[in-house]
Amino acid sequence: MRFLKGHGTENDFVILPDPDGELDLSAALIARVCDRRAGIGADGVLRVVRTKTSEEVAHLSGQAEWFMDYRNADGSMAEMCGNGTRVFARYLIDAGLAEPGSFAIATRGGLRGVRAGESGDIATDMGKPRVLGESVASVAGHEYTGLHVDMGNPHLACVIGDPVAQLDLGHQPGFDPGVFPQGVNVELLNPVGPRRAVMRVYERGSGETRSCGTGAVATAVAAAHLAGESTGEWTVEVLGGTLTVTLTEETSFLAGPAVIVAAGELAIAE
């Protein structure tokens, strides 16, 4: 099985080219591939499939040639991954499967438009964030109130007074399963300047990651809400680098680096 490895602000992925949808990827196999000691190691897997071959998204085949079948590190399926779309786009261009410029990618969370050159940053249209109220996350005995933000996947973005650098995110933060029956990605953030925030994230199914694209947008939404704003350009500092989030009245955009760093043959079997 051929694979590639890429990352966007150190949110890393194993890329599995499977244009005709022939691979049988069980949750157990995905988890082994993502294992950082016994596998290649990654926050998730991006399977590259022609949209028309996948029953889940075949109805989008007229608008997007390629489907990003994203799996979390534990093997569970996810609706969307912001950094994943940028790494996926970089792979398509590098592999000659898409031309630099603007094109759409199919995801379980719907279509995502990307703007990408032959090199440099990639921007993704992330859709309009939906704020669905407030909820509470608990970390090491401390409770933090945050915004429930739907980015095609669920987020709880908490503006906190404690320095995020000192938090222990070695375990899943507590949350209300009545609000998030399928689990939730939890962002904890400190505003550090005009339209600038520092964020750490615990991703559902993957644990703490160095970056999260949908989480960066949710972070910008929460920081903007605190400032009494709803639009504008925000800089989000994550452990793996810096992302730019632009909020408009109609949608949101995520921009940042995306690179492919390795390729090889996968020898892992179930």
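Residues numbered from 1 in each chain as written. Predicted model: local features only at pLDDT ≥ 70, side-chain atom pairs only at ≥ 80, totals over all residues. Heavy atoms only, no water.

K.L.:
Help me understand the packing of aromatic side chains in this model?
P.N.:
Two aromatic rings are characterised by how far apart their centres lie and by the angle between their planes. With the rule as written, the count across this model stands at two aromatic pairs. Between F175 and F180, the ring centres sit 6.3 Å apart and the planes meet at 75°, which makes this aromatic pair edge-to-face. Residue F180 is classed as buried on the basis of its relative accessible area of 3%. (Phe/Tyr/Trp six-rings, centres within 6.5 Å; stacked < 30°, edge-to-face > 60°. Buried < 20%, exposed > 50% of the residue type's maximum accessible area, 1.4 Å probe, protein only.)

K.L.:
I keep staring at unusual backbone geometry and nothing clicks. Help me out?
P.N.:
Trans peptide bonds make up the majority, and among non-glycine residues the majority have a negative phi. For T9, which is not glycine, the phi dihedral falls at a positive 45°. In this fold, T9 is placed in the loop between β1 (2-8) and β2 (11-17). Accessibility expressed as a relative area gives 4% for T9, which makes it buried. (Helix = DSSP H or I, 4+ residues; strand = E, 2+ residues; numbered from the N terminus.)

K.L.:
What's the story with the nonpolar core in this structure? I'm lost.
P.N.:
Soluble globular proteins tend to bury their nonpolar side chains together. Core analysis: the largest hydrophobic core is formed by 26 residues, its most contacted members being L189, M199, A216, V217, V245, L247 and L254. Contributing elements (two or more residues each) for this core: β9 (142-150), β12 (196-203), α3 (213-226), β14 (232-238) and β15 (241-247). Considering every element that reaches this core, the biggest residue donor is α3, with eight residues. Not counting residues within four places of it along the chain, the set of residues in contact with L247 comprises V217, A220, V221, A224, S230, T231, G232, W234 and S252. (Core = buried A, V, L, I, M, F, W, Y, C linked by side-chain atoms within 4.5 Å. Contact = heavy atoms within 4.5 Å.)

K.L.:
What exactly am I supposed to notice about the pattern of salt bridges here?
P.N.:
Pairing is possible between side chains that carry opposite charge, provided their charged atoms lie close to one another. Overall, the coordinates contain 16 salt bridges when judged by the stated rule. A salt bridge links R108 to E56; its shortest N-O distance comes to 2.7 Å. Of this pair, R108 sits in the loop between β5 (101-107) and β6 (110-116) while E56 sits in the loop between β3 (44-50) and β4 (66-72); the two residues are 52 residues apart in sequence, bridging distant segments of the chain. Residue R108 is classed as partly exposed on the basis of its relative accessible area, which comes to 23%. With relative accessibility at 41%, the residue E56 sits in the partly exposed group. A single network of salt bridges, built from pairs that share partners, joins D18, R47, E56, D69, R71 and R108. (Salt bridge = Lys/Arg side-chain N within 4 Å of Asp/Glu carboxyl O.)

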